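Below, each chain spelled out in residue letters.
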Amino acid sequence: MHYDIKIIERGREYYRNGLVKYCIKFGDFLYGEVVGGNIYKVKVDLKDYFGYCSCPYKYNCKHAYALIEAYKNNNYIDAEEIFKNLENKSKEDLLKIIKNLIIKNYLWEEFLNKDSLFNKGIGLLKLIPLDRKNIYTFKSFLRNQFVKKAKDDELLKIIYEMINADLDFNDSDVVESLNIILDEIFKRNNKDVIKKIINLYRKHKKELWIIEDYLITHYDNYFEEFD
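Every value quoted in this text rests on a predicted model; they were computed, and no experiment measured them. (Residues numbered from 1 in each chain as written. Predicted model: local features only at pLDDT ≥ 70, side-chain atom pairs only at ≥ 80, totals over all residues. Heavy atoms only, no water.)

(A) Representation of the packing of helix α8 (residues 172-188) against helix α9 (residues 191-203) within the structure. For the pair α8 and α9, the least separation of the axes is 8 Å and the interaxial angle reads 140 degrees. Between α8 and α9, the crossing angle belongs to the class labelled oblique. Every pair of crossing elements has a handedness; the one defined by α8 and α9 is left-handed. Judged by residue contacts, L182, I185 and F186 of α8 engage V193, I194 and I197 from α9. (Axes fitted to C-alpha atoms, helices over the stretch in contact; angles between N-to-C directions. Helix = DSSP H or I, 4+ residues; strand = E, 2+ residues; numbered from the N terminus. Parallel < 35°, antiparallel > 145°, perpendicular 65-115°, else oblique. Left-handed = near helix turned anticlockwise from the far one by under 90°. Contact = heavy atoms within 4.5 Å.)

So, in structure tokens, the structure goes:
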């Protein structure tokens with residue numbers, strides 16, 4: 001045990017006075033919030049009871065021991081119960097839960113992978129079903145950052161990801177986003193990429209209906225030319 005006697009006594013006092021907001025067991029860890037000078041986020045490793053806390057003390061503090069005390073008194077929630085409840089919820093209910101968590105806790109960055117522009121684009125796409133207003137951020141990102149720097153295969157992949165994101169391809173803003181990407185693809189006129197676009201169009205005519213306009217505009221007989 002990594003806690004001295006005074007810390008243990010204070011932790012028990014915190015627990016007895018109801019200052020543990022919640023204690024959740026997930027795998028080999030406890031997660032919780034404990035009220036002190038502020039509300040502190042606490043994590044405890046159950047293998048050795050080592051505690052991490054957002055308080056100034058940081059490690060093995062009274063807040064961490066208060067969480068341990070809650071666990072020892074069976075005053076905790078098993079995370080498996082939470083996930084079992086989530087399994088029975090509809091897609092719409094799950095999206096509402098995620099949306100509320102993001103808005104309440106400013107978790108937008110969790111959806112944005114900063115490793116590359118492509119991954120950032122995927123992150124932005126994931127936000128659109130949660131809040132339609134994010135389509136405007138996505139359009140701006142495509143126009144001002146992505147299309148000029150993206151590789152040919154990344155331009156294709158982002159279209160494929162748009163299809164997977166279950167967007168409404170009759171929505172004028174979604175169509176405009178697609179147009180931004182297609183303008184760049186046809187401007188580059190990479191024949192291999194155009195062939196792949198045609199194959200993608202054949203599989204997803206409902207979503208990619210606008211592609212036929214590009215093909216008619218740029219090629220007299222595009223099926224013969226690219227078959």
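Now, onward.
(B) A look at the packing of aromatic side chains. In total, this model carries nine aromatic pairs according to the counting rule given. Seen from their ring centres, F29 and Y31 are 6.3 Å apart, and the 45 degrees between their planes marks the pair as tilted. Judged by relative accessible area, F29 falls into the partly exposed class, the value being 21%. Judged by relative accessible area, which is 31%, Y31 ranks as partly exposed. Ring geometry for Y52 and Y59: centres 6.1 Å apart, planes at 75 degrees, overall edge-to-face. With relative accessibility at 45%, the residue Y59 sits in the partly exposed group. Within the aromatic cluster, the residues linked to one another by ring pairs are F50, Y52 and Y59. One residue, K43, lies across the ring of F29, its end atom 4.5 Å from the ring centre. A cation sits over an aromatic face here: K72 above Y49, 5.6 Å from the ring centre. (Phe/Tyr/Trp six-rings, centres within 6.5 Å; stacked < 30°, edge-to-face > 60°. Buried < 20%, exposed > 50% of the residue type's maximum accessible area, 1.4 Å probe, protein only. Lys NZ or Arg CZ within 6 Å of the ring centre and 35° of its normal.)

(C) Spotlight on the sheet that holds strand β1 (residues 20-26). The mixed open sheet is built from five strands, whose spatial order is β4-β3-β2-β1-β5. Each edge of the open sheet carries a strand with a single partner, namely β4 (50-53) and β5 (77-78). Summarising the sheet, β1 and strand β2 (residues 29-35) pair through six bridges and their orientation is antiparallel. Its bridge partner being in β2, F26 is matched across the sheet by F29. Of the strands in this sheet, β1, β2, β3 (39-45) and β4 touch helix α2 (residues 62-72), which is tilted by about 65 degrees from β1. (Pairing = 2+ DSSP bridges.)

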